[in-house]
There are 2 protein chains.
Amino acid sequence: MRADARRNLGKIVEAAAEIVAERGVNAPMELIAKRAGVGVGTLYRRFPDRDTLIAAVGDHYVHTMADALNDAAAGSGSAWDAIRDFVSWVAAPGRAALSTALAVLPEEVLVNRTEFARVRTSWVEQFDALVRRAQAEGSMRPDVGVEDLIHLLTVFTCHPDQLPAPVAADPGRYLSLMLDGMTSGAATPLDGSGA
Amino acid sequence: MRADARRNLGKIVEAAAEIVAERGVNAPMELIAKRAGVGVGTLYRRFPDRDTLIAAVGDHYVHTMADALNDAAAGSGSAWDAIRDFVSWVAAPGRAALSTALAVLPEEVLVNRTEFARVRTSWVEQFDALVRRAQAEGSMRPDVGVEDLIHLLTVFTCHPDQLPAPVAADPGRYLSLMLDGMTSGAATPLDGSGA
DNA sequence: ACACAACCGGAATCCGAGATTCCACTTAAC
DNA sequence: GTTAAGTGGAATCTCGGATTCCGGTTGTGT
């Protein structure tokens, strides 16, 4: 493979990640090509069909998440703090919000994608461990689980188009509210002014 | 206007409300017609364009909300209880969840719709009063407002397609979590098993 | 019961967004 | 300098959905 071809491949996956985050799994291929600065032809040569491309995006995404979770967990604070850190990392503005997009993926797309499945599973496990740790600490209420956390993350990080504008503009505020709902103790103050 | 025509008109608005809740403001007209049990022709005769129809749906919707809020507020409990009641009413399964759909409406559609604007404004005001009352009671934290409540309601009641399946399946769970995040006191137990 | 205007349903037609193909033109690599 | 890999994007094909139109119905007044 020629050097420039490899370079383009990278640009395409990156662009696809952005566009998918913005417009969902069915975003026009042409948009992706444009964002990547290549022609549609190039896109199709590299990824014969949409699924292949999406799968590549999935791989990329799940790795990013795993790394971020690792970082958060490695911090010195409590498990709860780690969770809070990770959540706000995910909710940071400008961060590609692929979760929702990928969440609706039909299973077929990821079948045989062992790499993706492997990384994701281990990510969930690690996240789950963190949650249990936080619950053991007594800082998180016991009647919620990782799944709840993941779902909420998914909801609040999905693209602006899907969300009421004010929520999209400040997902962190609402995520924080939700986290407060998950503590066993008192609420912490929010960022904004409060309506 | 003939009696059957009037009857159809009602069926159409009702069907439109359902479909819009399910598929958003841009749902195929044909679906609406089918749901209403009429032909597309009939639909177009009554509502020359999509906007007219959507506006009608908006009127209908805002009235429903206003009534529900009244009922909740009229109850004997605390303001906070009233809020909780109203929120769960909105989140009840099967309830048409139009808010998100209508939220993305371009302003033009509702301009000149004085009826809609009037009812909505008064709804918001009443809701706001309730919130302030709850805050005065000390049961609701002071750094959130009606708008937050409305936004969150919007998020969790929007159509399944827009939401991760688990959230769509049990919006009440998440709504409850969010309400807990809004109390000044401790968290209350959730319905489900917890992940 | 009759006449007729208001109504109906839905087939037929029209339209635009986006997928996919194809090939003349570039350019990295040796 | 040669050439095979790589490129962009116009042209074509598809399909979902909007909108129109009209022959057939059905309330309604007499």
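Everything numeric in this text was worked out from a predicted model, so none of it was measured.

Trainee: Would you explain the overall build of chain A in this entry?
Mentor: Within chain A, the secondary structure is distributed over ten helices and zero strands. The order of helices and strands in chain A, counted from the N terminus, is α-α-α-α-α-α-α-α-α-α. Counting every position in chain A, which comprises 195 residues, the buried fraction comes to 48%. Contacts in chain A between residues at least 24 apart in sequence constitute 65% of all its contacts with a sequence separation of at least 6.

Trainee: For this particular structure, what's the right way to read the environment of arginine 132 of chain A?
Mentor: By the secondary structure assignment, arginine 132 of chain A is in helix α7 (residues 114–137). Taking relative accessible area as the criterion, arginine 132 of chain A reaches 53% and is therefore assigned exposed.

Trainee: How should the protein's contact with DNA strand D be read in this particular structure?
Mentor: Neighbouring DNA strand D are 21 residues; Arg2, Asn8, Gly41, Thr42 and Arg45 of chain A lie closest to it. Among the atoms of DNA strand D close to the protein, meaning within 4 Å, 59% are from sugar or phosphate groups. A distance of 3.0 Å separates a phosphate oxygen of DNA strand D from a polar backbone atom of alanine 3 of chain B. Between a phosphate oxygen of DNA strand D and a side-chain N or O atom of arginine 50 of chain B, the distance comes to 3.4 Å. Listing elements by their share of the surface near DNA strand D, those giving two or more residues are α1 (3–23) and α3 (40–46) of chain A together with α1 (3–23) and α3 (40–46) of chain B. Here the element with the most residues in the surface near DNA strand D is α3 of chain A; it accounts for five residues. Taken together, the residues that form the surface near DNA strand D break down as nine nonpolar, six polar and six charged.

Trainee: I tried to follow the protein's contact with DNA strand C on my own but got confused; where do I start?
Mentor: The immediate surroundings of DNA strand C are formed by 23 residues, with Arg2, Asn8, Gly41, Thr42 and Arg45 of chain B found nearest. Here methionine 29 of chain A contributes a backbone N or O atom positioned 3.0 Å from a phosphate oxygen of DNA strand C. One of the side-chain N or O atoms of arginine 45 of chain B is found 2.7 Å from a phosphate oxygen in DNA strand C. For the surface near DNA strand C, the secondary-structure elements that each account for two or more residues are α1 and α3 of chain A together with α1 and α3 of chain B. At five residues, the largest contribution of residues to the surface near DNA strand C is made by α3 of chain B. Looking at side-chain class alone, the surface near DNA strand C contains ten nonpolar, six polar and seven charged residues.

Trainee: Please explain the packing of helix α4 (residues 50–74) of chain A against helix α5 (residues 79–91) of chain A as it appears in this structure.
Mentor: Helix-helix packing: each pair is described by the crossing angle between the helix axes and the interaxial distance. All names here are of chain A. Axis separation between α4 and α5 bottoms out at 8 Å; the angle between their running directions is 145°. Handedness of the α4/α5 crossing: right-handed. Within the contact between the two elements, α4 uses Thr64, Met65, Ala68, Leu69, Ala72 and Ala73 and α5 uses Ala82, Asp85, Phe86, Trp89 and Val90. Residue classes in the contact of α4 with α5 are distributed as nine nonpolar, one polar and one charged.

Trainee: Would you take a moment to explain the nonpolar core for this structure?
Mentor: Within soluble globular proteins, side chains that are nonpolar tend to cluster in buried spots. Core analysis: the largest hydrophobic core is formed by 78 residues, its most contacted members being Phe127 of chain A together with Ile83 and Phe127 of chain B. Apart from the residues lying within four places of it in its own chain, the contact partners of phenylalanine 127 of chain A are Leu69, Ile83, Phe86, Val146, Leu149, Ile150 and Leu153 of chain A.

Trainee: Looking at this structure, I do not really get the side chain of aspartate 148 of chain A. What am I missing?
Mentor: Residue position: aspartate 148 of chain A is located in helix α8 (residues 146–157). Among the polar contacts made by the side chain of aspartate 148 of chain A, one reaches the side chain of tyrosine 174 of chain B at a distance of 2.7 Å.

Trainee: Help me understand the packing of α1 of chain B against helix α2 (residues 29–36) of chain B, please; the structure alone is not making it clear to me.
Mentor: Residue and element names in this part refer to chain B. Packing of α1 against α2 brings their axes to within 8 Å, and their N-to-C directions diverge by 130°. Considering their axes alone, α1 and α2 lie oblique with respect to each other. When you trace α1 past α2, the crossing you get is right-handed. Packed against α1, whose contacting residues are Lys11, Ile12, Ala15, Ala16, Glu18, Ile19, Glu22 and Arg23, the element α2 presents Leu31, Ile32, Arg35 and Ala36 at the interface. Classifying every residue of the contact of α1 with α2 gives seven nonpolar, no polar and five charged.

Trainee: Even after reading the chapter, I still don't get the packing of aromatic side chains, so can you show me in this structure?
Mentor: Here a ring pair, both rings aromatic, is described through the centre-centre distance and the interplanar angle of the planes. Residues and elements named next belong to chain B. The tally for this structure, following the rule as stated, stands at eight aromatic pairs over all chains. With a centroid separation of 6.2 Å and an interplanar angle of 15°, the aromatic rings of phenylalanine 86 and tryptophan 89 are classed as stacked. One end of the pair, phenylalanine 86, and the other, tryptophan 89, are both in helix α5 (residues 79–91), three residues apart, so they sit about a helical turn from each other. Judged by its relative accessible area of 1%, phenylalanine 86 is buried.

Trainee: Even after reading the chapter, I still don't get the pattern of salt bridges, so can you show me in this structure?
Mentor: Two side chains carrying opposite charge are able to pair once their charged atoms lie near each other. On inspection of all chains with the given rule, the structure shows 18 salt bridges over all chains. One salt bridge connects arginine 132 of chain A with aspartate 128 of chain A, and the closest N-O pair in it is separated by 2.9 Å. Taken together, the residues arginine 132 of chain A and aspartate 128 of chain A, both in helix α7 and four residues apart, mark about one turn of the helix. Several salt bridges converge on common partners, so that one network encompasses Arg84 and Asp180 of chain A together with Arg141 and Asp143 of chain B.

Trainee: What's the story with the side chain of aspartate 180 of chain B in this structure? I'm lost.
Mentor: Assignment of secondary structure puts aspartate 180 of chain B in helix α11 (residues 171–182). Residue classification places aspartate 180 of chain B among the buried residues on the basis of a relative accessible area of 3%. A polar contact is formed between the side chain of aspartate 180 of chain B and the side chain of arginine 141 of chain A, at a distance of 2.4 Å.

Trainee: Looking at this structure, I do not really get α4 of chain A. What am I missing?
Mentor: Because an α-helix completes one turn every 3.6 residues, residues spaced three or four positions apart along the sequence face the same direction. With 25 residues, α4 of chain A should cover 36 Å at 1.5 Å per step; its first-to-last C-alpha distance of 36 Å lies within 8% of that length. Two to three positions downstream of the cap, the backbone nitrogen of aspartate 51 of chain A sits 3.2 Å from a side-chain oxygen, assigning the N-cap of α4 of chain A to aspartate 49 of chain A.

Definitions and cut-offs
- Residues numbered from 1 in each chain as written.
- Chains lettered and ligands numbered in written order.
- Predicted model: local features only at pLDDT ≥ 70, side-chain atom pairs only at ≥ 80, totals over all residues.
- Heavy atoms only, no water.
- Helix = DSSP H or I, 4+ residues; strand = E, 2+ residues; numbered from the N terminus.
- Buried < 20%, exposed > 50% of the residue type's maximum accessible area, 1.4 Å probe, protein only.
- Contact = heavy atoms within 4.5 Å.
- Near = heavy atom within 4 Å.
- Polar contact = N/O pair within 3.5 Å; in protein donor to acceptor, adjacent residues only side chain to side chain.
- Nonpolar A, V, L, I, M, F, W, Y, C, P; charged D, E, K, R; others polar.
- Axes fitted to C-alpha atoms, helices over the stretch in contact; angles between N-to-C directions.
- Left-handed = near helix turned anticlockwise from the far one by under 90°.
- Core = buried A, V, L, I, M, F, W, Y, C linked by side-chain atoms within 4.5 Å.
- Parallel < 35°, antiparallel > 145°, perpendicular 65-115°, else oblique.
- Phe/Tyr/Trp six-rings, centres within 6.5 Å; stacked < 30°, edge-to-face > 60°.
- Salt bridge = Lys/Arg side-chain N within 4 Å of Asp/Glu carboxyl O.
- Expected span 1.5 Å × (residues − 1).

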